[in-house]
Amino acid sequence: MENPKQTFALDIGTRTIVGIIWEEGDNRAEIKHCIVKEHQERAMLDGQIHDITSVARVIREVKEELERKCGPLKRACVAAAGRTLKTEQAAAKMETGGRPIRKEDVIHLELMAVQKAEQQVAEKFKGASGKFFCVGYSVLYYYLDGEQIGNLVGQNGSEASVEIIATFLPKVVIDSLSSALNRAGLEMEAITLEPIAAIHVLIPPSMRRLNVALVDIGAGTSDIAVTDKGTIINYGMVPIAGDEITEAISDQFLIDFPVAEQVKIQLSAKDTVTVKDILGFELTLEKDEIIRAISPAIEQLADTIAREILRLNHQHSPKAVMLVGGGSLTPNLPELLAEKLQLPKNRVAIRQIDALENVIIPDERLRGPEFVTPIGIGISAKKNPLQYKTVFLNGQPVHLFEIKKLTVADALLASGLKISQLYGKPGLAKIIRFNGKAVAFPGKFGSPPKIFVNGEPASVDDEIREGAEITVEKGDDGEDAKITVEELMKEGKISLFVNDQEYSLFPSVEVNGKKTDKRRELKDRDIVQCRYAKTIGEALAAIGLKDLLKEAAEFSVTVNNERKRLPKFSGKILKNGAEATPETPIQAGDRVTVTRRKNPTVEELASEFHWVLKQDMPVTFNGKPVLLSKRVTFVRRDGKLLDDKDRVKSGDVLTVERAEDSPFIFQDVFRFVDYSTGDKRGNYKILRNGKEGTFQDRLTPGDKLEIIWPDQ
């Protein structure tokens, strides 16, 4: 009777079949038995079964040997080899009609590219019967109007496009695995993908938010899986692995391939290997000698793997690389990969069995990296099996291969519906002959398809479950283009910058040779002529800044019947930094700077004409400083005397008079001080610099003036 606690896992590889029995305990798995048997003939090619009978025979041998140790085995967990995955790059594009791009548009665009990739895979592998399951895709680049862009959502443009890399699993791979198991007397208990198996035991979900690459280097191929943002984002394979290293050893030292394989295995543990070549001579080879001889092959292996990692990871190096599989023990491989990916050496590492958490492995022979994937298959296939789910799309059953969370998008891909045909057709465009050139005005873009899941509105990235009823209705067609004269004027506007502020210049419009109402709707093939302002003066008038030209005129005044120009206070017109006039031609995007004319004060005008408006003299009176001042130049406008701070306008007529020179005398001081004799009586003396004087004495700068009462 079959032991319900036991799980039987098979790793059906190109060269060997590995059978493992494990039991699940308290939050841990214990590996009980392991059998490894080689194919006696070439029954596997690139991980896919080509001779079901031969493969079934080896599976039966593994099964029977294990049954002698642990009892009857009826079911087995298996994995589809990563090298059977087909990776294809494709692109798709869609017109956006100039409206903002929505998230749903981007997802539909991506799905169109995936469908194109699926067509390319089907054409490439015409011998592979049946259909392909898309197990994942990743966006390489987005483009808007031919320019690469980081994110399309919310962008405006005429055309959006995307390049993706998608991975597909042929249905024939699953069918052949099932047939081989049945011939060996086994049922398929669960199936997974080899890259997923290794990732599930090495990279738990909590670590999958990190951008990590897992590389399983086998005999004929190297399988790659990449994690990021909590999920597995891509799979890939390169047709170069351990056999290339074995062949290099065989070629360099003339030894048979099986012997070279043993030499390669011993390199990880021995510094010296003794073998016989094909001529019967015994060779003693040093480890360093062998590595030097095969270094070109190691370099090629590292380079090929590194380039595929970059391709699968959007041309960026991941944060770390984990290596498993027998080929990971190739000398110097981790160091070379780190160098080619520009990673620190400690970010590329070989992961042994001891890296598996909660797994007990009593047999020391099973602790190498070549056993990570077989053990992973046993654990992952049971805990995270790939399953078929059936949903209904527009009433028709659709069978899905559940590798990850299933969405409406997966159902659309599996159904074969053409995503591009689900969008409503865009409306008809109009072509207007605009100033001698044909301009196309597109119709409104068709709406995306309407999606319902179990009767409720849904989007393409909504999750679906077994038995979900999905209804997809074609989107509404877009309206034909509509354009009025007023809208055309907006389309035909040009920008002009005046004093660093942007203004829109709209043209005057004629339709088919006649002036027209701006609300008129244009017809297809209408001929429209627009006239734009040609000069700075016309442009400023058109945008309502005509008065600015007055401020840009020169500044001049008439002084005593003589006209005087003052450039310092005049306005200026600059176009793109160069002096200009109102008649200077103007073009779209020009920058016009208008410096306004300044109205100077009388004081500023006097400075320009070197007028001395007043005369000052410092003295002291009774010990206190006093500044004597009198106006010597009088500026009048229309007969009115102007103060120093009064402003003068361009065109003003001024009269300027100069007073006769007259000295300051003692009595002038009383205009600038508040002096009172108080209760003083009797005779007083007038002193200038300590000497008696009179109120009529002429003063000089710095004089000390006093009035004293000697008797008091």
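Cut-offs and rules
- Residues numbered from 1 in each chain as written.
- Predicted model: local features only at pLDDT ≥ 70, side-chain atom pairs only at ≥ 80, totals over all residues.
- Heavy atoms only, no water.
- Helix = DSSP H or I, 4+ residues; strand = E, 2+ residues; numbered from the N terminus.
- Buried < 20%, exposed > 50% of the residue type's maximum accessible area, 1.4 Å probe, protein only.
- Contact = heavy atoms within 4.5 Å.
- Areas by Shrake-Rupley, 256 points an atom, 1.4 Å probe, with all protein chains shown as cover.
- Pairing = 2+ DSSP bridges.
- Patch = residues over 30% accessible without salt bridge, like charges linked within 9 Å, V, L, I, M, F, W, Y side chains within 5 Å.
- Salt bridge = Lys/Arg side-chain N within 4 Å of Asp/Glu carboxyl O.
- Lys, Arg positive; Asp, Glu negative; His and termini not counted.
- Charge placed at Lys NZ, Arg CZ, Asp CG, Glu CD.
- Axes fitted to C-alpha atoms, helices over the stretch in contact; angles between N-to-C directions.
- Parallel < 35°, antiparallel > 145°, perpendicular 65-115°, else oblique.
- Left-handed = near helix turned anticlockwise from the far one by under 90°.
- Phe/Tyr/Trp six-rings, centres within 6.5 Å; stacked < 30°, edge-to-face > 60°.
- Core = buried A, V, L, I, M, F, W, Y, C linked by side-chain atoms within 4.5 Å.
- pLDDT = per-residue confidence, 0-100.

Draft legend 1. Region of interest: the overall build of the chain. Scanning the chain from N- to C-terminus turns up 14 helices and 44 strands. Within the chain, the fraction of its 712 residues that count as buried is 45%. Contacts spanning at least 24 positions in sequence make up 63% of the contacts within the chain whose residues lie at least 6 apart. For the chain, the exposed surface amounts to about 37000 Å²; the carbon and sulfur share of it is 47%.

Draft legend 2. Quick peek at the sheet that holds strand β30 (residues 514-515). In space, the five strands of this open sheet follow the order β23-β22-β31-β29-β30, with mixed pairing throughout. Where the open sheet ends on each side, the last strands, each with one partner, are β23 (437-441) and β30. Bridging between strand β29 (residues 508-511) and strand β31 (residues 527-531) involves four bridges; their strand directions are antiparallel. Looking at β31, one finds that E510 is bridged to Q529.

Draft legend 3. Fine view of a nonpolar patch on the surface. On the surface, L254, I278, L279 and F281 cluster together to form a nonpolar patch covering roughly 450 Å² of accessible area. For L279, the location among the structural elements is in the loop between β15 (272-276) and β16 (282-286).

Draft legend 4. Representation of the pairing of strand β28 (residues 501-505). Pairing analysis gives five bridges linking strand β27 (residues 494-498) to β28, with the strands arranged antiparallel. Along β28, the bridge assignment pairs L496 with Y503. As consecutive antiparallel partners, β27 and β28 are separated by two residues, and within that stretch N499 has a phi angle of approximately 50°, a positive value.

Draft legend 5. Representation of a negative patch on the surface within the structure. A cluster of acidic residues, E95, D145, E147 and E159, forms a negative patch at the surface. Relative accessible area serves as the criterion here: at 52%, E95 is assigned to the exposed category.

Draft legend 6. A look at the pattern of salt bridges. Applying the stated criterion to the full structure yields 26 salt bridges. For K37, the salt bridge identified is with E65, shortest N-O distance 3.3 Å. A residue pair is termed long-range when its members are at least 10 positions apart, and K37 in strand β3 (residues 29-38) and E65 in helix α1 (residues 52-70) qualify at 28 residues. On the basis of relative accessibility, which here comes to 24%, the residue K37 falls in the partly exposed class. The salt bridge involving E692 is made with K685; its shortest N-O contact spans 3.5 Å. What you see here is one network of salt bridges that share partners, running through E299, D303, R307 and K340.

Draft legend 7. Layout of the packing of α1 against helix α3 (residues 171-183). For the pair α1 and α3, interaxial distance at closest approach is 8 Å and the crossing angle is 55°. Taken together, α1 and α3 sit at an angle that is classed as oblique. Seen from above, α1 lies across α3 with right-handed handedness. Contacts from I52, T53, V55, A56, I59 and R60 in α1 reach S176, S179, A180, L181 and R183 in α3.

Draft legend 8. Layout of the environment of F125. If you trace the backbone, F125 turns up in the loop between α2 (103-124) and β8 (132-144). On the basis of relative accessibility, which here comes to 30%, the residue F125 falls in the partly exposed class. For F125 and K86, which are 39 residues apart along the polypeptide, the C-alpha to C-alpha distance reads 9.3 Å. Beyond its immediate chain neighbours, meaning those up to four positions away, F125 contacts K86 and F132.

Draft legend 9. Inspection of the packing of aromatic side chains at higher detail. Taken as a whole and assessed by the stated rule, the structure comprises 10 aromatic pairs. Look at Y141 and Y143: their rings are 6.3 Å apart centre to centre, the planes differ by 50°, and that puts the pair in the tilted class. For Y141, a relative accessible area of 26% puts it in the partly exposed group. For the pair F621 and Y675, a centre-to-centre distance of 5.5 Å together with 80° between the ring planes defines the contact as edge-to-face. Of the two residues, F621 is situated in strand β37 (residues 614-621) and Y675 in the loop between β41 (653-658) and β42 (685-688); the sequence distance between them amounts to 54 residues.

Draft legend 10. Representation of the nonpolar core within the structure. Counting 50 residues, the largest nonpolar core has F8, L10, I12, I17, I59, L66 and L186 as the members making the most contacts within it. Sorting elements by how many residues they give to this core places α1 first, with six residues. Once you skip the residues sitting within four places of it in the chain, L186 turns out to touch F8, L10, I59, K63, L73, K74, R75, A76 and L181.

Draft legend 11. Representation of the sheet that holds β42 within the structure. Spatially, five strands are ordered β38-β37-β44-β42-β43 in an open sheet, and the strand pairing comes out mixed. This sheet does not close on itself; its edge strands, each paired only once, are β38 (624-631) and β43 (691-692). With eight bridges joining them, β37 and β38 adopt antiparallel strand pairing. Among the inter-strand pairings, M617 is bridged to a residue of β38, identified as L628.

Draft legend 12. Geometry of the side chain of D243. Among the structural elements, D243 can be located in helix α5 (residues 242-253). Setting aside its immediate chain neighbours within four residues, D243 contacts R15, A219, G220, F257 and K264.

Draft legend 13. Representation of the confidence of the model for the chain. A residue-level look at the chain finds 90% of positions with pLDDT of 70 or above and a mean pLDDT of 81. Per-element confidence in the chain ranges from a low mean pLDDT of 52 for strand β4 (residues 44-45) to a high of 92 for helix α8 (residues 333-340).

Draft legend 14. View of the environment of A113. Looking at where A113 falls in the secondary structure, it is placed in helix α2. Once the C-alpha coordinates of A113 and A166 are considered, the two residues, 53 residues apart in sequence, prove to be 8.9 Å apart. Apart from the residues lying within four places of it in its own chain, the contact partners of A113 are A90, A91, A92, V162 and I164.

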